[in-house]
Amino acid sequence: MKREHKVMMKARSRNIWLRVAYDGTDYHGFQRQMPPVTAIQNVLEEALERVCGELIELTASGRTDAGVHARGQIVNFFTSSAIPVDRLPAVVNNFLPGSIAVTGAGEGDEYFSALHSPHDKTYSYWIREMEDFFDPFLARYSWQVKERLDVVPMQQAADLLVGEQDFSAFRSAGSNEQGDPVKNIYEARLTRQGRDIRFFISANGFLYHMVRNIVGTLAKVGTGKMTVEEFAAAIEGKNRSLLPTMAPANGLCLESVFYPGYPEIKADSNRSH
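Here we summarise the structure given alongside this text. Bear in mind the structure is a predicted one, so any value in this text is a computation, not a measurement.

Reading the values: rules and limits
- Residues numbered from 1 in each chain as written.
- Predicted model: local features only at pLDDT ≥ 70, side-chain atom pairs only at ≥ 80, totals over all residues.
- Heavy atoms only, no water.
- Helix = DSSP H or I, 4+ residues; strand = E, 2+ residues; numbered from the N terminus.
- Expected span 1.5 Å × (residues − 1).
- Buried < 20%, exposed > 50% of the residue type's maximum accessible area, 1.4 Å probe, protein only.
- Contact = heavy atoms within 4.5 Å.
- Pairing = 2+ DSSP bridges.
- Salt bridge = Lys/Arg side-chain N within 4 Å of Asp/Glu carboxyl O.
- Core = buried A, V, L, I, M, F, W, Y, C linked by side-chain atoms within 4.5 Å.

Remarks on helix α2 (residues 40-52)
And step 1. When the terminal C-alpha atoms of α2 are compared, their 18 Å separation across 13 residues agrees well with the 18 Å that a helix rising 1.5 Å per residue should span.
And step 2. Among the 13 residues of α2, ten are classified as buried, and the element is accordingly described as predominantly covered.
And step 3. Packing partners of the buried residues in α2 comprise β1 (14-22), β3 (69-79), α3 (88-93) and β4 (100-108).
And step 4. Backbone geometry just downstream of α2 places G53 in the positive-phi region, at approximately 70°.

Remarks on the pairing of β3
And step 1. Of all eleven residues in β3, eleven are buried, a share of seventy percent or more.
And step 2. Strand direction decides the pairing type here: β1 and β3, joined by eight bridges, are antiparallel. Bridging across to β3, W17 finds its partner in N76.
And step 3. When strand β2 (residues 59-60) meets β3, the two strands line up antiparallel, connected through two bridges. Within β3, the position partnered with A60 by the bridge is V75.
And step 4. By the bridge criterion, two bridges tie β3 to strand β10 (residues 252-258) in an arrangement that is parallel. Across the sheet, residue A70 finds its bridge partner in β10, namely L254.

Quick word on the pattern of salt bridges
And step 1. Considering all chains together, one arrives at twelve salt bridges under this definition.
And step 2. Between R14 and E107 there is a salt bridge whose closest N-O contact spans 3.4 Å. Of this pair, R14 sits in strand β1 while E107 sits in strand β4; the two residues are 93 residues apart in sequence, bridging distant segments of the chain.
And step 3. Looking at E107, the relative accessible area reads 41%, which means it is partly exposed.
And step 4. The closest approach of N and O atoms between R140 and D26, which form a salt bridge, is 3.1 Å. You can see R140 sitting in the loop between β5 (120-129) and β6 (143-145) and its partner D26 sitting in the loop between β1 and α2, a full 114 residues away along the chain.
And step 5. A single network of salt bridges, built from pairs that share partners, joins D23, D26 and R140.

Regarding the nonpolar core
In summary, soluble globular proteins display a tendency toward joint burial of nonpolar side chains.
And step 1. One finds L161, F170 and F199 to be the most contacted residues of the largest nonpolar core, which totals 72 residues.
And step 2. Tallying contributions element by element places α2 first for this core, with seven residues.
And step 3. Among all residues touching F170, those that are not within four sequence positions of it are L161, Y208, H209, M210, N213, I214, T217, F231, I235, R240 and L243.

Shown next, in the form of structure tokens:
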């Protein structure tokens, strides 16, 4: 947000947060883009401007990539509109396509920031073991793999992620990202139901492409092409170039974001896609 816009926005009387769900398949990520490229933020801001009758600039908990989905993306914005927050989701959804929905709303104090105030975020990733054919009905939301995956060593490797450590090994290859590579992962959990494998990971922050890089590496462990010991050595080595290609975007979903003092914001992160 431009400095002059920030001053104008913060002069408004209300700071509103929204919980947003979206299918990211047809969008160029969340962050606002210049036309003709369309991102989730472009569409959501346009709808809010129609409802509030003023320029709206959103701040989001994070920028999901092209093709990545969200069940619990959080945004906030400043407004002088008097519309009650309990009515806001239904009204805004009237102006949104079926691929985007506001699922919750509330009013924060003047210091609340979707970007700067969270304690942790939870992502999920869906892997589907293929049978005899690729399932087009799951193509938008899952990574369909031909090989069978052993979840036991995958979970043993995932357990090594928990705690505060340097995750440079899972940065995006060739990334110029300047953020601190030390993150605190609170949970890294795999579940299996039939041919569906779900990976849930919660942390105080994530590096660019970090979750997809982790999933790609866990899948290699699941096929037996990498041992748990090699996975541990990769973390310790902090060398992204030694690890496999990252998992595709379509299996990834931002499930929820937790903000101290705002328990009502967090979506249920244990639901399936």
